[in-house]
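Okay, here's what each chain looks like letter by letter:
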Amino acid sequence: MPTRISAERWEQLYRLEFARVYRALLAVLRDPDRALDAIQDAFVAGLRRPPAEDDDLAGWLFVVAVRSGRRGFGRSLLRLDHARSRVSKDEIAASLDRMEVGRLLAGLTERQRAMVVAQFYLGLDHREIARHFGVKTGTVSATLAQAKARMRAEVRNAS
Amino acid sequence: MLPEIGIERVFQRELDSLPLPDEGIWLPTRRARPSSLAMVALVGVPLLLVLAVAGLIRDASGAATQPRRVTSTPSSLPSRPTCTPPSGMNGRCVSLVPNAVRNPAFAYNLTIPGEWRETRMPAGTEPFVRDGPSAVPSLTAPFLLDRHVFTARAAQEWVALTTVNMAPAWDLDVQVWDRQGRTALEWATFGPCNGVRSYGTTGCVQTTETIHGTTFVKTTISTLLGPQTTSYYLERGDQMLILRYWIDPNVAPPPGVTTATLEGIVHSIGLV
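From a predicted model like this one, the values you see are computed outputs, not experimental measurements.

K.L.:
Would you mind showing me how to read the pairing of strand β7 (residues 214-223) of chain B here?
P.N.:
On a regular strand, one side chain projects to one face of the sheet and the next to the other, so that they alternate. All names here are of chain B. Pairing geometry for β7 and strand β8 (residues 228-236), over six bridges, is antiparallel. Residue pairing across strands places K218 opposite Y232, the latter belonging to β8. Between β7 and β8, which pair antiparallel in sequence order, lie four residues; one of them, G226, sits at a positive phi of approximately 115 degrees.

Set out below in structure tokens:
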């Protein structure tokens, strides 16, 4: 039986993983307020039902936040304190467009972006991505293959 | 064709340059959870309308004689300052955000203060080599699997202080060794920790310390001239994880760095 982590430990681990997961969410959602809302929702979800200590916590936070980001789309007007990030959505979009990675990701669907970022930035393998996203490994492989094909085409078009 | 090893490096380099929000808003504080918020919107707004209408009616009838109080919704989590604002900075915190250091290959994480960085020991250096009897673990390069040194010093100052084998005083040296079948206690028991007075040492204090539920063997070796070396040893499968730092009263620490800073980094370790 895996041990569940305490609230204090959860907060500590969340702070440890925040930068990486938040940046991964920026790459997927391309919106700092949505990314912040999503990762905070994942933190609250972890307080309610903490993952096991030996889980890949960055992967867990990322996927819960991506799901929350998707559900929360269009809900931002209900937020009491949105626009809390110092950097605007346009600035983040401009930063990503200047990056090679940002341009490659821009041509993908949000789901493809999430899996690509999970693999190449967070370092998850296909099996871990499948487990976190609740899909079969074959689905992950197919989604990533499509995404890579599209990114290769983008590289060919750019060169 | 996209070279996939290269892609991972490009992802790390580029996405790591994206800005982070202030650390003070990493945790949710003043907002309700989404579901609660939706409930507030659905239930609270009509309720407020009803109360407002009732209030208007009462005002109109002259029944309201008390001044109205403004109430606010309590925070779901208390807001916690993460640093003390220095004077003259318009109340803004200027301390840098701590950095998470991950070592997926050897399955540990550390949090280092924002002013710290990782540095690289000069090529060919071997950490803490000792010419001991064959009973002690062989501390030579083939058995050293991984090494990371963290410092708060600027590059030029750091290079000037580096010795042949050891990171400068007030740095943290994290090593992973092939443990060669020996336990953490055996690794921690050598030289002055084995009752042998050598190298100008005055003694060794050997204890155990539990960090996040994991027990490390800890040694503190004192020397005649004042430097003191503290090491934490942990067996992990075939490997020995060692976190080591030494403090030296003859070497000025980087600004703000104390023994507590080093202990704080050691105690931030997360084993995955």
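After presenting the structure, the write-up continues.
K.L.:
Help me out: how do you make sense of the pattern of salt bridges in this one?
P.N.:
Where charged atoms from two side chains of opposite charge come close, those side chains can pair. All names here are of chain A. The tally for this structure, following the rule as stated, stands at nine salt bridges over all chains. Residue R15 pairs with E11 through a salt bridge whose shortest N-O separation is 3.5 Å. Here R15 pairs with E11, and both are found in helix α1 (residues 7-29), just four residues apart, close to one helical turn. Judged by relative accessible area, which is 18%, E11 ranks as buried. Residue R20 is joined to E17 by a salt bridge in which the shortest nitrogen-to-oxygen separation is 3.7 Å. Of the two residues, R20 and E17 both sit in helix α1, three residues apart, roughly one turn of that helix.

K.L.:
Looking at this model, I keep getting lost on the nonpolar core. Mind explaining?
P.N.:
Burial of nonpolar side chains together is a common tendency in soluble globular proteins. Ranked by size, the top nonpolar core spans 61 residues in total, and within it L25, F62, V116 and V117 of chain A together with F11 and L15 of chain B carry the most contacts. Considering each element in turn, this core owes the most residues, 13 residues, to α1 of chain A. Among the nonpolar cores identified, the runner-up in size contains 27 residues, and W170, Y232, V257 and L262 of chain B belong to it.

K.L.:
When you look at the sheet that holds strand β2 (residues 108-112) of chain B in this model, what are you seeing that I'm missing?
P.N.:
By definition, the strands of a sheet pair up through backbone hydrogen bonds, in either a parallel or an antiparallel sense. Here three strands make up an open sheet; going across it, the order is β1-β2-β10 (chain B) and the pairing antiparallel. The outermost strands of the open sheet, each flanked by one partner alone, are β1 (99-103) and β10 (270-271) of chain B. Sheet topology places β1 of chain B next to β2 of chain B; five bridges connect them, and they run antiparallel. Paired with V101 of chain B across the two strands is L110 of chain B, which belongs to β2 of chain B. Its contacts with the sheet put α1 of chain A on β1, β2 and β10 of chain B, and the angle it makes with β2 of chain B is roughly 85 degrees.

The rules behind each value
- Residues numbered from 1 in each chain as written.
- Chains lettered and ligands numbered in written order.
- Predicted model: local features only at pLDDT ≥ 70, side-chain atom pairs only at ≥ 80, totals over all residues.
- Heavy atoms only, no water.
- Pairing = 2+ DSSP bridges.
- Helix = DSSP H or I, 4+ residues; strand = E, 2+ residues; numbered from the N terminus.
- Salt bridge = Lys/Arg side-chain N within 4 Å of Asp/Glu carboxyl O.
- Buried < 20%, exposed > 50% of the residue type's maximum accessible area, 1.4 Å probe, protein only.
- Core = buried A, V, L, I, M, F, W, Y, C linked by side-chain atoms within 4.5 Å.
- Contact = heavy atoms within 4.5 Å.
- Axes fitted to C-alpha atoms, helices over the stretch in contact; angles between N-to-C directions.

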